[in-house]
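# Notes for the structure review
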Amino acid sequence: MRERILAIVGAVALVAVAVALRAQLADDDTTGAERSGGGRPVVACTPDLMAVCDALVADGRIADDPPELDLGEEAATARAGDRRIDGWVTWDPAPGVANFEADELQVDRPWEGSSAVAASPIAVAVRVRDGSLGPDCAGGRPPWTCVADAARLDPPLAVGVGTGRTAESLARFQPVAATLAPEGDYLDLLQSDVRAVLDSPTQGQRSFAAQLDTLLTAPGALNLVVGPQAAMPQDARTGIWTPQPAAEMVVVLAWRTGGSGEGVADRFGSDRVEAALRDVGVAPGAGTLAPEGRAGELFQVRQKVG
C-alpha cells in the first residue's frame, strides 16, 4: 500500500514538472509584443535614433524602455536565442550587415526585412580654404572622390565620417568608401585607404552630431563632415556640398526573423514621431531601400576597419 501511494505521488510530481517545463518553454518562445503587454511591440533603436524610440513610447505605440542596439550586438542577440526584440529602428542597410555578421558566426540571421521610414540626401559641411582641394573640387557638387582625397593630402584634411563600425557611420561613410573600392570591388578595398579617412581627424571619429558641433565650434579640428543634408548648419562660414553621384541616408524599421513588420511601420505616423525624425535631419515618409548588395559591401568595409 505504501509503495502504491509513493508511486502515485511520484507520478503527480512528474506531471507537475512536465507542465512547468512546458510553460517555461512556451514563455521563452513568446515574442516581445506578447510579453510587453497591450500588444505593444518591443522596438530597439540605434543610440543616435533613441529620440525616435522615445517618441514612439510617449505615443504608446511601442513597449516602454526600448533597448539600444547597434551593429556588433544583434548577431550576438541571435546567437543567444533572444526573441524579445520585435523591431529595430536603424540606418539602412545595417540589418543586412548584421545578417552577414550572423553568417560569419554561423548563427541564424536575426532580421528578415526592413521598411523605409525617413531619409535625407547625404551632404558635406565644409570648412577649407578656397582652392585647397583643386579645381575639380570647386563648387557645391564635386565628385565623392574629393572627400576621400582630402584625407590623403599632405598634410591631410580632417574628414568626419564616424568610426566605420556603427550603423550611422556606415550610412555616412558608404559613398566615400565606394570611391576607394577598385572598380567597385569591395573585396579589394585596401585597409590603408579606409584607415586614411578614418584616422584623418587627430581627435578621432565620433557621431555626426558631435562632429558637426566640433566643426562649428573648434576651427581647424575638422574640415569636412559627412551627414544628412537637412541637419547641416545655415552658417556663412560653412559651405555645403552635395557630392555626386547623389546618395541618401535612410532610416528603416527592421523586423525580426519569424516576426512581421506589418502594423509596426504604421506606428510612425504621429506628429511627435515625425518631429523626432526631422530633428535627426531626415524627412518622414521618404527613402528607398539600398540595393541588395549594399549590405555585403558595407560588411566588407567593417572588416577593413579593424
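Look up a bit, the structure's there.
Rules of the game
- Here the residue numbers are simple positions, counted from 1 along each chain's written sequence.
- Where totals are concerned, whole chains, interfaces and linings use all residues; where local detail is concerned, this predicted model gives features only for residues with pLDDT of at least 70, and gives and counts side-chain atom pairs only at 80 or more.
- Side-chain measures here rest on the full set of heavy atoms in the structure, leaving out hydrogens and waters.
- Cysteine sulfur pairs qualify as disulfides if the two atoms are within 2.5 Å.
- When accessible area is computed with a 1.4 Å probe and restricted to protein chains, residues below 20% of their type maximum are described as buried, those above 50% as exposed, and intermediate ones as partly exposed.
- Note on ring pairs: Phe, Tyr and Trp rings are taken, using the six-membered ring of Trp, and paired if centres are within 6.5 Å. Classes follow the plane angle, with under 30 degrees stacked, over 60 edge-to-face and the rest tilted.
- For the purposes of this entry, the term helix denotes a DSSP run of H or I that reaches at least four residues, the term strand denotes a run of E that reaches at least two, and both are numbered from the N terminus.
- Salt bridge criterion: a side-chain nitrogen from Lys or Arg within 4 Å of a carboxyl oxygen from Asp or Glu.
- Angular values range over 0 to 180 degrees, each being the angle between N-to-C directions of two axes fitted as lines to C-alpha atoms, with helices fitted over their stretch in contact.
- In what follows, roughly perpendicular refers to angles from 65 to 115 degrees, roughly parallel to angles under 35, roughly antiparallel to angles over 145, and oblique to any angle outside these ranges.
- Between two residues, a contact is recorded if the distance between any of their heavy atoms is within 4.5 Å.
- Three categories are distinguished: nonpolar for Ala, Val, Leu, Ile, Met, Phe, Trp, Tyr, Cys and Pro, charged for Asp, Glu, Lys and Arg, and polar for the others, with Gly belonging to the last.

For the rest of this paragraph, the subject is the state of the cysteines. All told, the structure shown has two disulfides when counted by the stated rule. The disulfide partner of C45 is C53, and the gap between their sulfur atoms is 2.2 Å. On the sign convention where negative is left-handed, the bridge of C45 and C53, at about 90° about the S-S bond, is right-handed. In this structure C45 comes out as buried when scored by relative accessible area, which is 0%. A sulfur-sulfur separation of 2.0 Å characterises the disulfide bridge that pairs C137 with C146. Disulfide C137-C146: torsion about the S-S bond near -95°, hence left-handed. Counting only the cysteines that take part in disulfides, in the order they occur along the protein, gives the pairing 1-2, 3-4.

Per the counting criterion, the structure on display carries two aromatic pairs. Aromatic pair F100 and F299: ring centres 5.7 Å apart, planes at 25°, arrangement stacked. Of the two residues, F100 is situated in helix α5 (residues 94-105) and F299 in helix α11 (residues 294-305); the sequence distance between them amounts to 199 residues. Under the relative-accessibility criterion, F100 is labelled partly exposed at 29%. A relative accessible area of 9% places F299 in the buried class.

A word on the pattern of salt bridges. With the rule as written, the count across this model stands at 12 salt bridges. Across the salt bridge formed by R256 and D86, the nearest N and O atoms sit 3.9 Å from each other. With R256 in strand β7 (residues 248-256) and D86 in the loop between α4 (74-79) and β2 (87-91), the pair connects residues that are 170 residues apart, well separated along the chain. Among the ionic pairs, D199 bridges to R195, the shortest N-O distance being 2.6 Å. Residue classification places R195 among the partly exposed residues on the basis of a relative accessible area of 23%. Salt bridges sharing partners connect three or more residues here, namely D59, R61 and R272.

Moving on: the environment of G293. Position of G293 relative to the elements: it lies in the loop between β8 (283-284) and α11. Residues G293 and P93, spaced 200 residues apart in sequence, show a C-alpha to C-alpha distance of 9.6 Å.

Attention now goes to helix α3 (residues 50-58). For α3, the full list of buried residues reads M50, V52, C53, A55 and L56. Following α3 by one or two positions, G60 has its phi on the positive side, about 75°.

Okay, the packing of helix α7 (residues 167-180) against α11 next. α11 packs onto α7 with a crossing angle of 90° between their chain directions and a minimal axis gap of 11 Å. Overall, the two elements α7 and α11 adopt an arrangement that is roughly perpendicular. On α11, the residues touching L170, F173, Q174 and A177 of α7 are R294, L298, V301 and R302. Residue classes in the contact of α7 with α11 are distributed as five nonpolar, one polar and two charged.

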